Amino acid sequence: NFLRSHLGSSHCCWYCCQHRAITADSSTLAPAGPLYGAVRMLRHRGAIKARPPPIDCSLAVEHRALCDPFCNPDCQNLAERFELLDTRGQGSTAVVYHARPRAPGSQEAVALKVMRISDEELLLVARAEFELLRSIEHPNIIRVLDFCTFPQGVVLVMDFFDGQSLKALMHDRRPCGLSETTSRGLFTALMRAADHLHQNGIIHRDVKADNVLVDAQMMDLRLVDFNTAQRVASGALTMTGTADYMPPEVLFGEAHSEGSDIWACGLCLHLMI
């Protein structure tokens, strides 16, 4: 604050002024200038000390290799395989990147879902999501291509779908909803995705507007985020997902069923119109 009040806006920040004060000598400072007086005063008060020792960058590089899959050699050379283009979404535990394969002749874009997790149980959940998605093939369900791990998380390589979530779309269009024709088309595609899951004995358990991607023309969509999906044959289906999209019977303690997904799809339709 002292430097800002005496030096004005020409010196942008404390670090800038301190750095100049530490590295400058008396020959480079005008004796009558404000910086010269500020440096003398701060040196007298002991606020400016000797230059700190250099930072050991090797520790930062090692930490980044643990946290960043694109710098980690255990992650199947992810940085060599893909070129990052931009970030498409970010949640509490995952970031989705838009990327392009570096291999010659391969122009198909992909989505890289980077999940930073260190718990072994969550790692098994991510692996289960990959195995489940790999067994599904439907035009309205996101397709998974590859799976790799790094010390603090996993990476899912998926098809890239150029669109935004249904929640973001409706937020941009409020207070007006979609037309009945558009809503019917999107809802039909969503129900086909849910029906395909149910025919294969799978319940999504977290169908919601955040997990439905809609293209710019509002004629196509993809159902995404299968980390809570489970096969009916695997056993009891505990309560999970988003409470706002759960049917009453699940809120009252019953297990999830195919009807839970249908209820959630209906709420997505309600949001559209």
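Note that residues are indexed from 1 along each chain, following the sequence as it is written. Residue-level local features of this predicted model are given only where pLDDT is at least 70; pairs of side-chain atoms are given and counted only at 80 or more, and the full residue set underlies all totals for whole chains, interfaces and linings. Side-chain metrics rest on all non-hydrogen atoms present in the structure, leaving aside hydrogens and water.

Asks: I would appreciate a short explanation of the layout of surface pockets in the present structure.
Replies: With a probe scaled to a water molecule rolled over the atoms, the places where space remains empty come into view. The method works on a 1 Å grid over the protein atoms by themselves. A cavity is a set of points holding a 1.4 Å probe that cannot get out, a pocket is an open set with protein on both sides within 12 Å along at least five of seven lines, and residues with an atom within 4 Å of a point line them. Grid points are joined across faces, edges and corners, and a volume is the space filled by probe spheres set on the points. Here the largest pocket defines a volume of roughly 1,100 Å³. Lining the largest pocket are 39 residues; nearest its centre among them are Ala94, Val96, Lys113, Asn211 and Asp225. Helix and strand labels come from DSSP, where a helix needs a run of H or I of at least four residues and a strand needs a run of E of at least two; each type is numbered from the N terminus. For the lining of the largest pocket, the secondary structure elements donating two or more residues are strand 1 (82-90), strand 2 (94-101), strand 3 (110-115), helix 6 (120-134), strand 5 (153-159) and strand 6 (163-165). The dominant element in the lining of the largest pocket, judged by the number of residues it contributes, is helix 6, at five residues. Put simply, Ala, Val, Leu, Ile, Met, Phe, Trp, Tyr, Cys and Pro go in the nonpolar bin, Asp, Glu, Lys and Arg in the charged bin, and everything else, Gly too, in the polar bin. Within the lining of the largest pocket, the residues separate by chemical class into 17 nonpolar, 13 polar and nine charged.

Asks: Help me understand the nonpolar core, please; the structure alone is not making it clear to me.
Replies: One broad rule of soluble globular proteins: the nonpolar side chains tend to lie buried together. Residues grouped as a nonpolar core are buried Ala, Val, Leu, Ile, Met, Phe, Trp, Tyr and Cys residues, joined through side-chain atoms within 4.5 Å. The cut-offs for exposure are 20% and 50% of the maximum accessible area for each residue type, with area from a 1.4 Å probe on protein chains only; residues under the lower value are buried, those over the upper are exposed, and the others partly exposed. Ranked by size, the top nonpolar core spans 43 residues in total, and within it Leu166, Leu223 and Phe226 carry the most contacts. A per-element tally of this core places helix 8 (residues 180-199) first, with six residues. Look past the residues within four positions of Leu166 in its chain and what remains in contact with it is Ala209, Val212, Val214, Cys268, Leu271 and Met272. Core analysis: the second largest hydrophobic core is formed by 12 residues, Ala99, Leu112, Val114 and Val155 among them. By the convention used here, residues are in contact when the closest approach between their heavy atoms is within 4.5 Å.

Asks: Would you mind going over the confidence of the model for the protein with me for this structure?
Replies: Detailed reading of predicted coordinates is not advised where the pLDDT is low. The quantity known as pLDDT measures the predictor's confidence residue by residue, on a range of 0 to 100. Of all residues in the protein, 70% have pLDDT values of 70 or greater, and the mean over the chain is 80. The low-confidence segment residues 21-27, where pLDDT is below 50, has 10 contacts with residues more than four positions distant or belonging to other chains.

Asks: Explain empty space enclosed by the protein to me, please; I cannot follow it from the model alone.
Replies: What the rule picks out here adds up to one cavity of 30 Å³ or more. Considered as a void within the structure, the largest cavity measures approximately 60 Å³ in volume. The wall of the largest cavity is formed by Arg205, Asp206, Val207, Thr242, Tyr245, Met246, Pro247, His256, Ser260, Asp261 and Ala264. In terms of residue class, the lining of the largest cavity is made up of five nonpolar, three polar and three charged.

Asks: Just to check I follow, could you spell out the sheet that holds strand 5 for this structure?
Replies: In a beta sheet, neighbouring strands are held together by backbone hydrogen bonds and run either parallel or antiparallel to one another. With respect to topology, five strands assemble into an open sheet ordered 1-2-3-5-4, the strand pairing being antiparallel. The two strands at the open ends of the sheet, each matched to only one other strand, are strand 1 and strand 4 (144-150). Ignoring which end each strand starts from, the neighbouring axes of this sheet average 25° apart. Strands qualify as paired when DSSP identifies two bridges or more between them. Pairing analysis gives six bridges linking strand 2 to strand 3, with the strands arranged antiparallel. Counted as the bridge partner of His98 is Ala111 from strand 3. Here, axes are lines fitted to C-alpha atoms. For helices the fit covers the stretch in contact, and angles between N-to-C directions go from 0 to 180 degrees. Against the sheet, helix 6 engages strand 3, strand 4 and strand 5, with an angle of about 165° to strand 4.

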